Amino acid sequence: MAAPVPPGAPRPGTNVQQSPPPNFNPNYQTNPNSLADNMQNLNLNRPFPMPNSGPRPSPFGQQPPFPQSAVSAGFLVASPPMSRPVAPPGLVGRPAVPPMGTPQSTLPANVPPGRPLGPPVSHPFPFGSRPPPASLSSSTGGAVLPYSAFPSSGIPSVAVAPPPLGARPSPFLSSSPLTGGPAVLASSALGGPLSNGPPAIGSGALPGAPRFPHAASISQPPVGPPPTMMSARAPALAPTMHSVLGSSAVSSPPAPQTPSASPFSAVPQARPPPPGSPYGPQRWPMQPQQGTQPPLIPGSTQVQPPRMFGMPHQLPNQAMTTIPPAMGQPGAPLSGPSKIDPNQIPRPIPSSSPIVYETRQGNSANPPPPATSDYIVRDTGNCSPRHMRCTINQIPCTADLLTTSAMQLALLVQPMALPHPSEDPIQVVDFGESGPVRCSRCKGYINPFMKFIDQGRKFICNLCGFTDDTPRDYHCNLGPDGRRRDADERPELCRGTVEFVASKEYMVRDPMPAVYFFLIDVSMNAVQTGATAAACSAINQVISDLPEGPRTLVGIATFDSTIHFYNLKRALQQPLMLIVPDIQDVYTPLQTDVIVQLSECRQHLELLLENIPTMFQISKTAESCFGAAIKAAFLAMKGTGGKLLVFQSVLPSVGIGALSSREAEGRTNISTGEKEAHKLLQPADKILKTMAIEFAEYQVCVDVFVTTQTYVDIASMSVIPRTTGGQVYYYYPFSAVSDSAKLYNDLSWNITRPQGFEAVMRVRCSQGIQVQDYSGNFCKRIPTDIDLSGIDCDKCILVTLKHDDKLQDGSECAFQCALLYTTVYGQRRIRVTNISLPCTNMLSNLFRSADLDAQFACFLKQAAIEIPTSPLVQVREQVTNLCINILLSYRKFCATVSSSGQLILPEALKLLPLYTLALIKSTGLRNDGRVDDRSFWFNYVSSLSTPLAVPLVYPRMFAIHNLNSKEGDESVLPPIIPLSSEHVNDEGIYLLENGEDALINFGSSVYSSILQQLFGFTSVDEVPTQFVMQQYDNPLSKKFNDVVNVIRRQRCSYLRLKLCKKGDPSGMLFFSCMVEDKNASGPSYVEFLVHIHRQIQMKMS
């Protein structure tokens, strides 16, 4: 067998260098809506694109290079160098042969200079805790929820306490983790009715950072049953379409360059979002029962202690609630009606308009806004929090201090995260043959925190402290401030994220070509359920989205109990089927016939995809040789590497890695099944894992699309995508009617999102801290690096940290992530991401600077790691104890309130109990889920980005029956409703979404006129099981479609829509998502707060 190819050994037939299209820069596109225009996964209900539907605009916007005054010759503007806009077939073309050349500074007419228009990562209306910088709120920053006038009874109230005196005001509202002290659900003897006031106690982000720009014209995905699908193949490009670069979208006159003092002048504070951008300002209407917002006190910065029992009045930004004595006393039963006003316990509240966030100010790091909020980053030395976010924004000086806080110290790294459209692009720096400047000891890359000394002749590494000589051709004198005089003109010395062009020393072989191999299940079940037809239709439509040029290679095979390759050579009159019958010792036919240039075989490929469903229509073969098929496809791809996209519908039952129905065995043997249920979540054997490691060695990244109606053992199959940097897509129960559109959109985004191949990543830390472990979808051969056969903008990696020495109080601790990868156009790049954070000896500083979203994402990922190896009850207990221990540490060492009757929550983490409860009740940790559902859940979580962590367990709920009542409101989305059944009306229709799926619940008494307008039926009894969304000719239906499309754009996901009604299993599914209610999965939110309070009291005593 051939020896493994390290990232670089020469590969046969891959010497053709191909540069990207002219002016290619993924962050600059022809208009602010371009990502959305390209995301077919964003709209619905339009027919398939028709052939000859008009010319396709160029997907490549042009952008100005790095300003000439600022940059020496080797700097061009770049950004995810591999991102390509997605466009519906027949709409967007690529140049046939991407020519060489530096981007010109021409911009489309509607693009202001210097503003990137790439796909955003988060979106306007998240529910961030912090209003814009201008509005500092009340001095305490805390909220007090009083308990009734029985101070002596040990009643827990929940309190959010203020910061210690002299705390540094944060650039955000006082509810920022770095300013506000704790929120206090506190006591008060106030007479009169309790305030039903603002939900202001919940800061922090509501799940839901939008992630997409507007789509002005998004072409709709396919809908409808498979038989008609096959007529919808993507049209071949008309000859005229090759001249897209001359189209009006690109050739309009260049926008004038605005002069700026510094070549790096960042986005002005008041910079408006691009025209038509969904990132525009949005006003969130108040939720019903919330009353009015408390007045803000502009400019108020003095710190006051929290109001406690007996204090005369309620401060702004405080709310009141009562916990009855019986509930507050340890051991007291939880019976009896609760008097707590559910509107007053900590809940996420929507943020206002987007804020402009500067990563550093005055030579110190700024705490980042919530991951789920809407913000525009100005990179002033630290990287964007979209790329790297720390769970605590001040680093504890000692391991003991970290242990005392009970918090996690970790980084969430998403190196290719999508930027906001209004953010500056990542700069590309080319040092030529010498490669980027690095520390000779730790190999850290040059960055803004390396200090130059001796008139610039030497520099001190900020990671290991070693002093190096500055290369002669990189020397520059220092200014009076001790910085290099050219620091602001060199991206690597003033930006937190930069991309270096890799020199020859970073390549052991030529960069790999872009190879896409499609592997389709044609077993009897797959054909009969329409899964095969849906897969062929989806592939046929995304062919036009593949990068064009001689470096793009494709191949296709089908499998049931045997494997069928297809020779796509142009010389043949039609594709030739080559059958591999041996599924125990597989081989592959001649590679050069099976994987060929896309430009050579497009017509053959389209013809074949149209015919596959009918070729196997009468097949009676029920078996599937999944393991053998992927092994055979791998043998064909071994010489190049690439992406293997597998469509699988049944349990792999024959050949290499055959599996049995373990779920049924678990049900039969109940006692064993209950004791060791988690073992069903582990791979059945090591065969697939061994194969996966071999795939990763040869840079083959595998994605599996599971279109099934039965158990398929995802726990075993998912090992391959997890190890190779791919992912699992799961459609259960698959419906050709309602899931074909999502399948197409998922495949389209998979292929066209910003991504790279054959990547290696390492995180380096300052002395005193070291990386403990990495967690995510990758293969690790040596402790310091992780290998990623594929990496894309949606993948996030958890990097846990530990102390190996003491840090100095007042100093800074630096972290650097370096990702070496190949773009889809065959360029080798190094993306370097830096962050430097202050060190502290004060526990209160740790709590003030805790990042709720990052802490919770860390909780979530660690729970997902435990699920396959520990009983669920144990995992739930561990998660609850993590939450309790953090709050106990705060109560014990930082809280200023002394009454034991109060539950005191740190301001930055006051939503932690709610999210912990939501996690305990989630699909992954509930007892009643299917084995495959749970397996998919923890696989999905393993690479989940930080902004999507909270929504996964605490979804957003909207009322859609009264959308017409929102007159004059600028936001498309209606107000968010708390996840409690008391907010669900029998006459209402509610939409609940978690970033992946959406449930639409019908009350039993919905007006027939509303049903008719929205769904085309008049009675709840007519609710169909399979649903394809349509837009009817009335304002309510249009608004509903707009809401769904905005959510889809925000989430980078098409969202499966499922209809639910009362008295039906679907209705039970909907109400199981009401995490604030008491149900079989756990206590109510109020009861959980009481439970946490009791545990803290017991541990304190």
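Note that this is a predicted model, so its numbers are computed, not measured.

### So, the overall build of the protein chain
Stage number 1. What the protein chain contains, in helices and strands, is 27 helices and 34 strands.
Stage number 2. Within the protein chain, buried positions represent 66% of all 1101 residues.
Stage number 3. Expressed as a percentage of contacts within the protein chain between residues at least 6 apart in sequence, the contacts between residues at least 24 apart total 81%.
Stage number 4. Of the roughly 36,900 Å² of accessible surface on the protein chain, 55% is carried by carbon and sulfur atoms.

### Comments concerning the pattern of salt bridges
Stage number 1. What the rule picks out here adds up to 33 salt bridges.
Stage number 2. We note a salt bridge from R753 to D792, for which the minimum N-O separation is 3.0 Å. With R753 in the loop between α17 (736-752) and β24 (755-765) and D792 in strand β26 (residues 785-792), the pair connects residues that are 39 residues apart, well separated along the chain. One exposure class covers both R753 and D792, and it is buried.
Stage number 3. Measuring nitrogen to oxygen at the nearest pair gives 3.2 Å for the salt bridge that ties D773 to K780.
Stage number 4. Linked through salt bridges whose partners overlap, the residues forming this network are R484, D486, R490 and E492.

### Some points on the nonpolar core
Stage number 1. One finds I395, I563, L644, M761, F815, L860 and W937 to be the most contacted residues of the largest nonpolar core, which totals 160 residues.
Stage number 2. Ignoring anything within four residues of it in the chain, the contact list for I563 reads T558, L578, I579, V580, I583, V586, C625, A628, A629 and A632.
Stage number 3. If you look at the next biggest cluster of nonpolar residues, it comprises 42 residues, including C536, I539, C601 and Y825.

### So, the environment of P906
Stage number 1. Topologically, P906 is positioned in the loop between β30 (902-905) and α21 (912-920).
Stage number 2. The spacing of P906 and L887 is 19 residues in sequence and 7.6 Å in space, taken between C-alpha atoms.

### Looking at the sheet that holds strand β33 (residues 997-1002)
Stage number 1. Judged by pairing direction, the sheet is mixed, and its four strands sit side by side in the order β31-β32-β33-β34 without closing on themselves. Single-partner strands in this sheet number two, and they are β31 (956-959) and β34 (1056-1061). For this sheet the average axis-to-axis angle between neighbouring strands, irrespective of direction, equals 20°.

### Some details on the packing of aromatic side chains
Stage number 1. Applying the stated criterion across every chain yields a total of 22 aromatic pairs.
Stage number 2. One aromatic cluster is present, built from ring pairs that chain together F1002, F1015, F1017, F1027 and F1040.
Stage number 3. We note R484 situated over the ring of Y474; from NZ or CZ to the ring centre the distance is 4.3 Å.
Stage number 4. Sitting over the face of the ring of Y732, R930 holds its NZ or CZ atom 3.7 Å from the ring centroid.

### What about the confidence of the model for the protein chain?
Stage number 1. On average, the protein chain scores 76 in pLDDT, and the residues at 70 or more come to 67%.
Stage number 2. Taken as a whole, residues 163-181 scores under 50 in pLDDT and shows 80 contacts with residues more than four places along the chain or in a different chain.
Stage number 3. Segment residues 668-673: pLDDT under 50, and two contacts once partners within four positions in sequence are set aside and those in other chains are kept.

### Observations concerning the pairing of β34
Along any regular strand the residues' side chains alternate between the sheet's two faces.
Stage number 1. Among the six residues of β34, five are classified as buried, and the element is accordingly described as predominantly covered.
Stage number 2. As defined by bridge partners, β33 adjoins β34 across six bridges and the pair is classed as parallel. What sits directly across from D997, in β34, is R1056.

### Focus on helix α19 (residues 852-866)
Stage number 1. The terminal C-alpha atoms of α19 lie 21 Å apart, and with 15 residues this matches the ideal 21 Å at 1.5 Å per residue to within 8%.
Stage number 2. Most of α19 is tucked away: twelve of the 15 residues are buried.
Stage number 3. Among the residues making up α19, those that are buried are L852, D853, A854, Q855, F856, A857, C858, F859, L860, K861, A863 and A864.
Stage number 4. At the N-terminal end of α19, a side-chain oxygen is found 3.2 Å from the backbone nitrogen of D853, two or three residues along, and the residue is D851.

### Structural notes on the packing of α21 against helix α27 (residues 1085-1100)
Stage number 1. One way to put it is that α21 packs onto α27 with a least axis distance of 10 Å and a crossing angle of 110°. Between α21 and α27, the angle is such that the two are roughly perpendicular. Every pair of crossing elements has a handedness; the one defined by α21 and α27 is right-handed. Residues P913, L914, T916, L917 and I920 of α21 pack against Y1085, F1088, L1089 and I1092 of α27.

About the thresholds
Residues numbered from 1 in each chain as written. Predicted model: local features only at pLDDT ≥ 70, side-chain atom pairs only at ≥ 80, totals over all residues. Heavy atoms only, no water. Helix = DSSP H or I, 4+ residues; strand = E, 2+ residues; numbered from the N terminus. Buried < 20%, exposed > 50% of the residue type's maximum accessible area, 1.4 Å probe, protein only. Contact = heavy atoms within 4.5 Å. Areas by Shrake-Rupley, 256 points an atom, 1.4 Å probe, with all protein chains shown as cover. Salt bridge = Lys/Arg side-chain N within 4 Å of Asp/Glu carboxyl O. Core = buried A, V, L, I, M, F, W, Y, C linked by side-chain atoms within 4.5 Å. Pairing = 2+ DSSP bridges. Axes fitted to C-alpha atoms, helices over the stretch in contact; angles between N-to-C directions. Phe/Tyr/Trp six-rings, centres within 6.5 Å; stacked < 30°, edge-to-face > 60°. Lys NZ or Arg CZ within 6 Å of the ring centre and 35° of its normal. pLDDT = per-residue confidence, 0-100. Expected span 1.5 Å × (residues − 1). Polar contact = N/O pair within 3.5 Å; in protein donor to acceptor, adjacent residues only side chain to side chain. Parallel < 35°, antiparallel > 145°, perpendicular 65-115°, else oblique. Left-handed = near helix turned anticlockwise from the far one by under 90°.

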